[in-house]
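Letter by letter, the chains look like this.
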Amino acid sequence: MTTADDRLIVALDVPNALEGLALAEKLGDAVSFYKIGLGMLTGGGLALANELKQEQGKRIFLDMKLFDIGATVEAAVRGLAQYDLDFLTVHGDPHVVRAARNGVGGKEMKILAVTILTSLDRADLDAGLIKAGDVTDLVLERAALAFDAGADGVIASPQEAALIRALPQSKGRLIVTPGVRPTGTDKGDQKRITTPAQAVMNGADHIVVGRPIWQATDPRQAALDILAELRGI
């Protein structure tokens, strides 16, 4: 019997709920935590989240990266909180985080704030008219502001996890890192990456891995290899 380790979150970045369910079945008891994102929203993502949570007892991270005026964010989060999911992402702007916290109400769902997407570098930020400065410095600023606004945790590059963990505001908060690639795998569209073990050693509570698992010839074995790496720390 495999004992799952919820430090590993598998991103179900497949086209629809049927394929997501098929992948979850292949992974079986090796994986206890799944991320469902915007790409599957119109393909039955919420239904899949509910089935994995309620029928299979899995933990669910709904990666919506919500951003809007406060009232709209609060209403959206209030609706999503009824699914009793575990994590929900919003953009790390303080007004968004505060609204999301209000929307959670008495539910257990954790609000995770996005600092700067791990697919972006300084050139991307320049193109988006984001203020000048080192990317790492901006991530730290946004993380601190998000924590101050009530975020339960942040999404951040594993390369920045140690610096975020050193922030006074990070005590008792979560750091969840995408941009994690096992040694020897393609980095894809991620620009600020590291290995699973290094991400955890840097201070991450959870790592998010997608393509290196679902594109593998044997997804279950790929997940088990990552789990073995984490347990060897």
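Rules used in this analysis
- Residues numbered from 1 in each chain as written.
- Predicted model: local features only at pLDDT ≥ 70, side-chain atom pairs only at ≥ 80, totals over all residues.
- Heavy atoms only, no water.
- Axes fitted to C-alpha atoms, helices over the stretch in contact; angles between N-to-C directions.
- Helix = DSSP H or I, 4+ residues; strand = E, 2+ residues; numbered from the N terminus.
- Parallel < 35°, antiparallel > 145°, perpendicular 65-115°, else oblique.
- Left-handed = near helix turned anticlockwise from the far one by under 90°.
- Contact = heavy atoms within 4.5 Å.
- Polar contact = N/O pair within 3.5 Å; in protein donor to acceptor, adjacent residues only side chain to side chain.
- Salt bridge = Lys/Arg side-chain N within 4 Å of Asp/Glu carboxyl O.
- Buried < 20%, exposed > 50% of the residue type's maximum accessible area, 1.4 Å probe, protein only.
- Core = buried A, V, L, I, M, F, W, Y, C linked by side-chain atoms within 4.5 Å.
- Nonpolar A, V, L, I, M, F, W, Y, C, P; charged D, E, K, R; others polar.

Across the interface, helix α1 (residues 17-27) lies against helix α10 (residues 219-231) with an axial gap of 8 Å and an inter-helix angle of 60°. On the basis of their axis angle, the class for α1 and α10 is oblique. At the point where α1 passes α10, the crossing takes the right-handed sense. Packed against α1, whose contacting residues are L23, K26 and L27, the element α10 presents P219, R220 and A223 at the interface.

Locating K131 in the fold gives a position in the loop between α5 (122-127) and α6 (135-148). A distance of 3.2 Å separates the side chain of K131 from the side chain of E141, its partner in a polar contact.

Let us now look at the pattern of salt bridges. Counted under the stated rule, the structure contains 15 salt bridges. D13 is the partner of K35 in a salt bridge, and the nearest nitrogen-oxygen pair spans 3.9 Å. Of this pair, K35 sits in strand β2 (residues 33-37) while D13 sits in the loop between β1 (8-11) and α1, and the two are 22 residues apart along the sequence. The shortest N-O distance in the salt bridge between R101 and D152 comes to 2.5 Å. Of this pair, R101 sits in helix α4 (residues 94-104) while D152 sits in the loop between α6 and β6 (153-155), and the two are 51 residues apart along the sequence. Take R101: its relative accessible area is 25%, and that puts it in the partly exposed class. A single salt-bridge network, built from bridges that share partners, covers D6, K53, R59 and D86.

Another point: the environment of T136. Of note, T136 is situated in helix α6. By relative accessible area, which is 23% here, T136 ends up partly exposed. As a C-alpha pair, T136 and D68 span 68 residues in sequence and 25 Å in three-dimensional space.

With 66 residues, the main nonpolar core has L8, Y34, V77, L88, I164, I207 and I213 as its most contacted residues. Beyond its immediate chain neighbours, meaning those up to four positions away, I207 contacts R7, L8, I9, T177, V180, P196, A199, V200, I226 and L230. Judged by nonpolar contacts, the second largest core, of 11 residues, contains F33, L174, V176 and V208.

Bringing the packing of α1 against helix α2 (residues 45-54) into the picture now. Where α1 contacts α2, the two axes come as close as 9 Å, and the packing angle between them is 25°. Relative to α2, the element α1 lies roughly parallel. Two packed elements cross with a definite hand, and for α1 against α2 that hand is right-handed. Of the residues in α2, those in contact with A17, G20, L21 and A24 of α1 are L48, E51 and L52. Grouping the constituent residues of the contact of α1 with α2 by class yields five nonpolar, one polar and one charged.

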